[in-house]
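A look at the structure
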Amino acid sequence: MQKISMKNAIAELDGDEMTRILWKVIKEKLLEPYIELKTEYFDLGLKERDDSNDEITFEAAKAIKRLGVGVKCATITSNAARKEEYNLKHLTPSPNGIIRAELDGTVFRKPIILSNVKGTVSCWKKPLILGRHAYGDVYKNCEIAVPGAGKAELVFTAEDGTEIRKTIMDMKGPGIIQGIHNTDKSIESFARCCFFYGLSEKVDVWFATKDTISKTYDGRFKEIFQEVFDKEFKADFEKANLQYFYTLIDDAVARVMQSSGGFLWACKNYDGDVMSDMVASASGSLAMMTSVLVSPDGVFEYEAAHGTVQRHYYRYLKGEKTSTNPVALIFAWTGALAKRGQLDGNPELTQFAQDLEKATLNTIESGIMTGDLAKIANPAPKQVLDSWEFIDAIVAELNKTYKK
């Protein structure tokens, strides 16, 4: 067959450990035989990031912004044990955090639905997309443990020296105090990303806070979301027959657990942290969860929601073949290729991405899968394969369409 051409490149960010091994296999077997693959390659392996003092990560982020589309393998965020293991010069920061900050982006996670792998929430028939604001709140808090009685105050000192002062609590004894913050700019970017991605995916957008209790902090989120929607997105949503829906966070949780899915649920930072794990677990497997970082100006970076699968990598180094699930990595590539095709007016590329996703799902739904899915599949699988065998099975299914 004649390979599908690409007009513009994708920023490709390689990663670490078992996902790095499978990344190469996916390219060699599922992409390069069918596409004249065009990427700008950045090696974000832990040692390379350490050697470059993270310059490689910033260069990769610039490439994503310039090209409009990126695809990223899972990477290690180092700790003391990793520093010793890899003989690092210093503890490297999260590359995802750097890229998210450079793109001013919001992370959206979406489960991959299968007919023979049922989640624990039986009413979810369509993917529930979770959008998490990744700035501020308790993740950038300031905390004090007070030793005894006294007055706890919240104080803001303006640049001109004027103060706003409010008593938090007249403490009668030892206790704890916490201060959190957010910015209008960050909230506006979060809102734009959510509405932009909702239009892109053609789904309704839900947003929920607790503004009845947190009338100023959560209330500001509610106000900004409504302002951004009314000024920038309302007409497009009406044209696409989509809705923006606001409710309280407790009401949203109750509604979500009885819904059929198929919408974007935008959450503040802590809410999104908790709820994204709930959605992933209830959907069946973190290995069947996609993740895309979206900037307010429409730049997309696709990756798997899971990590580098360290335990399987150590087994691989011993010469073992592991049954690591590569589906989320495959879908990172298909998401990026489909978006590249859409932006470039290249329907063949977009169609290939859709066909590869279909071939992957058909393979699993035919009863052929990796070990993690075999444990929760119903009916029981016909074959449980290692990663390489599973990818070969997808190739065989894909060739029904692309190689006669």
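Quick caveat: nothing in here was measured; it's all calculated off a predicted structure. (Residues numbered from 1 in each chain as written. Predicted model: local features only at pLDDT ≥ 70, side-chain atom pairs only at ≥ 80, totals over all residues. Heavy atoms only, no water.)

Bringing the overall build of the protein into the picture now. Along its length, the protein carries 14 helices and 16 strands. Relative to the 2.2 N^0.38 estimate, which gives 22 Å for 404 residues, the radius of gyration of the protein is 23 Å and therefore close to what a compact globule would have. Each of the three principal axes of the protein carries a C-alpha extent, and together these read 75 × 55 × 45 Å. The 404 residues of the protein split such that 50% are buried. Here the protein carries 52 positive and 57 negative side-chain charges, and the mean point of each set is 4 Å from the other. (Helix = DSSP H or I, 4+ residues; strand = E, 2+ residues; numbered from the N terminus. Rg over C-alpha atoms; globule rule 2.2 N^0.38 Å. Buried < 20%, exposed > 50% of the residue type's maximum accessible area, 1.4 Å probe, protein only. Lys, Arg positive; Asp, Glu negative; His and termini not counted. Charge placed at Lys NZ, Arg CZ, Asp CG, Glu CD.)

This part is about the packing of aromatic side chains. Counted by the stated rule, this structure contains 27 aromatic pairs. For the ring pair Y316 and W388, a centre distance of 5.9 Å and an interplane angle of 10° mean the geometry is stacked. One end of the pair, Y316, is in helix 10 (residues 310–317); the other, W388, is in helix 14 (residues 387–402), with 72 residues separating them in the sequence. According to the relative accessible area criterion, Y316 is partly exposed, its value standing at 29%. Among the residues examined, W388 registers a relative accessible area of 13% and is labelled buried. Their ring planes at 75° and their centres at 5.4 Å tell us that F352 and Y402 sit as a pair that is edge-to-face. One end of the pair, F352, is in helix 12 (residues 347–365); the other, Y402, is in helix 14, with 50 residues separating them in the sequence. (Phe/Tyr/Trp six-rings, centres within 6.5 Å; stacked < 30°, edge-to-face > 60°.)

Let us now look at a nonpolar patch on the surface. Where nonpolar side chains cluster on the molecular surface, the patch consists of V138, Y139, I180, Y270 and V274 and spans about 430 Å² of accessible area. Of note, I180 is situated in the loop between strand 9 (175–179) and helix 6 (184–201). (Patch = residues over 30% accessible without salt bridge, like charges linked within 9 Å, V, L, I, M, F, W, Y side chains within 5 Å. Areas by Shrake-Rupley, 256 points an atom, 1.4 Å probe, with all protein chains shown as cover. Salt bridge = Lys/Arg side-chain N within 4 Å of Asp/Glu carboxyl O.)

As a further point, take the nonpolar core. Core analysis: the biggest nonpolar cluster contains 79 residues, and F108, F195, F225, L264, L337 and F352 have the highest contact counts within it. Of the residues forming this core, the biggest block, 10 residues, is contributed by helix 11 (residues 327–344). What F195 contacts, discounting residues up to four positions off in sequence, is V205, F225, V228, F229, F233, F237 and Y244. Counting 18 residues, the second-largest nonpolar core is a separate cluster that includes L130, A208, A252 and W265. (Core = buried A, V, L, I, M, F, W, Y, C linked by side-chain atoms within 4.5 Å. Contact = heavy atoms within 4.5 Å.)

Moving on: the sheet that holds strand 3 (residues 69–72). Overall, mixed pairing links the 10 strands, which are arranged 2-1-3-14-13-4-5-12-10-11 in an open sheet. Whereas interior strands pair on both sides, the edge strands pair on one side only; in this sheet they are strand 2 (39–43) and strand 11 (244–248). Recorded for the sheet is a direction-independent mean angle of 20° between the axes of neighbouring strands. As paired elements, strand 3 and strand 14 (residues 300–304) share four bridges and run parallel to each other. Paired with G70 across the bridge in strand 14 is E301. Running over the sheet, helix 1 (residues 17–31) touches strand 1 (10–14), strand 2 and strand 3 and is turned about 140° from strand 1. On top of the sheet, helix 7 (residues 217–239) reaches strand 10 (204–209), strand 11 and strand 12 (263–267); it is set at about 165° to strand 10, its chief contact. (Pairing = 2+ DSSP bridges. Axes fitted to C-alpha atoms, helices over the stretch in contact; angles between N-to-C directions.)

Counted under the stated rule, the structure contains zero disulfides. Not part of a disulfide, C193 finds its nearest cysteine sulfur in C194, a span of 6.8 Å. What makes C193 buried here is its relative accessible area of 0%. (Disulfide = S-S within 2.5 Å.)

Attention now goes to the packing of helix 12 against helix 14. At a minimum axis separation of 9 Å, helix 12 and helix 14 run at an interaxial angle of 125°. Taken together, the axes of helix 12 and helix 14 are oblique relative to one another. Remark: the crossing between helix 12 and helix 14 carries right-handed chirality. Contact residues: Q351, F352, D355, L356, A359, T360, N362, T363 and I364 in helix 12; F390, A393, I394, E397, L398, T401 and Y402 in helix 14. Looking at the contact of helix 12 with helix 14, its residues break down into nine nonpolar, five polar and two charged. (Parallel < 35°, antiparallel > 145°, perpendicular 65-115°, else oblique. Left-handed = near helix turned anticlockwise from the far one by under 90°. Nonpolar A, V, L, I, M, F, W, Y, C, P; charged D, E, K, R; others polar.)

The subject of this paragraph is the side chain of T322. Mapped onto the secondary structure, T322 falls in the loop between helix 10 and helix 11. Among the residues examined, T322 registers a relative accessible area of 0% and is labelled buried. Here T324 takes part through its side chain, which lies 2.7 Å from a polar atom of the side chain of T322. Filtering out sequence-adjacent residues up to four positions away, T322 remains in contact with M18, H312, R315, Y316, D386, S387 and W388. (Polar contact = N/O pair within 3.5 Å; in protein donor to acceptor, adjacent residues only side chain to side chain.)

Moving on, we get to the pattern of salt bridges. Scanning the entire structure with this criterion turns up 25 salt bridges. Ionic pairing is found between R20 and D14, a salt bridge with its closest N-O pair at 4.0 Å. The partner of R82 in a salt bridge is E17, and the shortest N-O contact between them spans 2.6 Å. On the criterion of sequence distance, the pair formed by R82 in helix 4 (residues 80–85) and E17 in helix 1 is long-range, its members being 65 residues apart. Looking at E17, the relative accessible area reads 2%, which means it is buried. The network of salt bridges with common partners includes D14, R20 and D43.

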